[in-house]
Amino acid sequence: AESRNKFQLPKNFMDRAPGQEQEQEGDDLTIDDMLTILTERTDVWHSLAIYVTRLKTEGIGSEIIDDVAGINALEQNLWVVGSNVYKTLEDRKVSEDLLSYYSQFGAEKLLYPLRVMTAEDRQTCAEYISAEGLDEKQCETLVRAMREHARRTYDSDRLMFDYNPGDCLAYKYYRDALEETRNPERKRQIVEQGLQRATSERGREALEELLVEKEDDESKGRIPVVELDDEEFDTCLLSIAGELQGIGVADLKAASATNRKGPFGIVTVGKSDEEWISLPMFQPFVAGFDMIAITVDNMMDLESYGAKTGGPGVLVVDRRVDRANIDTEGLYAITFDDNEISFVSGTELLSQVDIVGEDKLKVLAKALMAVKPPGKQSEWGDATAVINQSPEL
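Counting of residues starts from 1 at the beginning of each chain's written sequence and follows it residue by residue. Local features in a predicted model are, by the rule used here, given only for residues with pLDDT of at least 70; side-chain atom pairs are given and counted only at 80 or more, and totals for whole chains, interfaces and linings are based on all residues. Only hydrogens and water are removed before side-chain values are computed, so all heavy atoms of the structure are retained for them.

Asks: It is not clear to me how the packing of helix α7 (residues 119–132) against helix α9 (residues 165–179) should be interpreted in this structure. Could you clarify?
Replies: When two helices pack together, you describe them by how their axes are tilted relative to each other and by the distance separating the axes. At a closest axis distance of 10 Å, the pairing of α7 and α9 adopts a crossing angle of 80 degrees. Between α7 and α9, the crossing angle belongs to the class labelled roughly perpendicular. Of α9, the residues touching α7 (which contributes T124, C125 and Y128) are P165, G166 and L169. When the residues that make up the contact of α7 with α9 are grouped by side-chain class, the tally is four nonpolar, two polar and no charged. To get an axis, a line is fitted to the C-alpha atoms, and for a helix only the part in contact is used. The angle between two axes follows their N-to-C directions and goes from 0 to 180 degrees. Under the scheme used here, helices are H or I runs from DSSP no shorter than 4 residues and strands are E runs no shorter than 2 residues, and both carry numbers assigned from the N terminus. These descriptions rest on fixed angle ranges, namely under 35 degrees for roughly parallel, over 145 for roughly antiparallel, 65 to 115 for roughly perpendicular, and the rest for oblique. In what follows, residue pairs with any heavy atoms lying within 4.5 Å of each other are defined as contacts. Lys, Arg, Asp and Glu make up the charged group, whereas Ala, Val, Leu, Ile, Met, Phe, Trp, Tyr, Cys and Pro make up the nonpolar group; the residues left over, Gly among them, are polar.

Here is the structure:
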């Protein structure tokens with residue numbers, strides 16, 4: 001029993017995204033009241049999302065909300081995630097007309113893809129989507145185009161297109177047209193789509209140049225060339241340091257850092273017997289420097305902190321910690337004796353420093369996220385609130 005209490009997590013660690021504030025207290029609505037509000041849809045969708053989040057915190061699962069209020073798990077997730085993007089627009093003081101446009105039921109599907117964007121890009125894209133009347137699928141394409149433009153620093157063609165929604169889409173069509181080598185008519189249609197979106201003169205000229213026919217001196221062989229989408233390529237490879245209940249300082253320090261090189265992020269493994277795990281590139285991982293994974297044999301060990309079901313899980317931590325900027329609501333791995341590890345909140349960490357002195361306590365890592373593998377149920381899961389809300393950048 002003593003070993004099972006070796007670690008301590010901050011209250012509601014699993015229920016919050018990094019940097020997300022605690023829910024406001026003092027609201028006397030009961031669970032029945034909140035379910036009634038959701039059932040009757042008495043408010044705009046982004047206000048109703050607050051009650052979905054609160055009900056989840058109270059232990060009311062997605063299936064119950066679906067049965068009582070008729071809002072399925074997918075819709076609940078869209079509301080909760082979309083409301084975070086909507087709040088960004090409010091914080092950036094966009095026009096009332098824009099806020100009204102995204103307050104309509106169904107608009108959450110337009111905002112959901114913007115969850116991975118910075119606050120500034122969320123506003124820029126939201127304004128463009130509204131002005132151009134883009135649908136859900138087009139919004140997803142826009143976000144991929146914006147991210148791809150920002151990432152392709154090695155491609156000189158990118159410089160012909162400005163970083164704005166229209167030109168980023170035009171750049172996407174430009175690359176699509178380059179890949180279309182078998183059907184001239186299809187290539188022309190792609191270029192026309194790009195010209196409809198392009199805003200810069202250089203971008204338009206680059207697209208029009210693709211329509212100029214060039215004579216080949218000889219017949220050439222061809223192979224299909226596929227450019228990977230972010231969803232197909234964006235992964236995070238992490239070495240496994242050990243299991244939460246038994247990991248020691250030496251284990252944490254010995255785990256190999258991810259050493260990815262080149263445009264494909266090829267990994268060089270230093271230890272032949274080391275285990276690795278592949279995870280999606282969630283937003284908290286983007287800013288990580290020296291991340292490793294710690295396995296959790298039974299997620300019910302985290303029951304007091306938001307886990308609703310058992311089974312295996314993984315805790316991802318970053319060994320590079322800025323001790324001058326401790327997040328009081330974060331989770332940290334510390335040691336007093338260079339042997340055993342304790343997991344404590346940022347508040348507890350600072351308290352221990354005051355008691356024993358900074359030289360007696362070593363901060364080994366900061367927890368970024370806890371994740372679980374896919375399950376059979378449609379429940380959005382214990383880690384959804386952690387992974388689906390991006391901190392403002």
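Asks: I'm lost on the confidence of the model for the protein chain in this one. Help?
Replies: Low-confidence regions, as indicated by low pLDDT, have predicted coordinates that should not be scrutinised in detail. Values of pLDDT, which run from 0 to 100, indicate the predictor's confidence residue by residue. Summary statistics for the protein chain give a mean pLDDT of 82 and a share of 80% for residues scoring 70 or more. Here residues 1–26 scores under 50 on pLDDT; set against residues more than four positions off or in separate chains, the count is 70 contacts.

Asks: Looking at this model, I keep getting lost on the packing of aromatic side chains. Mind explaining?
Replies: The relation between two aromatic rings is expressed through the spacing of the ring centres and the mutual angle of the planes. Two aromatic rings, drawn from Phe, Tyr or Trp (for Trp, its six-membered ring), form a pair once their centres lie within 6.5 Å of each other, and the interplanar angle then sorts them: stacked below 30 degrees, edge-to-face above 60, tilted otherwise. Per the stated rule, a full pass over the model turns up six aromatic pairs. With 6.0 Å between their ring centres and 55 degrees between their planes, F282 and F285 make a pair best called tilted. Relative accessible area decides the class of each residue, using a 1.4 Å probe on protein chains only: under 20% of the type maximum gives buried, over 50% gives exposed, and in between gives partly exposed. Residue F285 is classed as buried on the basis of its relative accessible area, which comes to 2%. By way of ring pairs, the aromatic residues F161, Y171 and Y174 are connected into one cluster. The lysine or arginine in question, R175, covers the ring of Y171, its NZ or CZ lying 4.8 Å from the ring centre. Our definition puts a charge over a ring when NZ of Lys or CZ of Arg is within 6 Å of the ring centre and also within 35 degrees of the ring normal.

Asks: It is not clear to me how a negative patch on the surface should be interpreted in this structure. Could you clarify?
Replies: A cluster of acidic residues, E63, D66, D67 and E75, forms a negative patch at the surface. If one sorts the elements of the negative patch by residue count, helix α3 (residues 62–69) sits on top with three residues. Tracing the chain through its elements places E63 in helix α3. Each patch is built from salt-bridge-free residues with over 30% relative accessible area, joining like charges within 9 Å and nonpolar side chains (Val, Leu, Ile, Met, Phe, Trp, Tyr) within 5 Å. Surface exposure here means Shrake-Rupley accessible area, sampled with a 1.4 Å probe, where a residue is shielded only by the protein chains that are shown. We define a salt bridge as a side-chain nitrogen of Lys or Arg found within 4 Å of a carboxyl oxygen belonging to Asp or Glu. For the charge count, each Lys or Arg is scored as positive and each Asp or Glu as negative, with His and the chain ends excluded. To locate a charge, the coordinates of NZ of Lys, CZ of Arg, CG of Asp or CD of Glu are taken.

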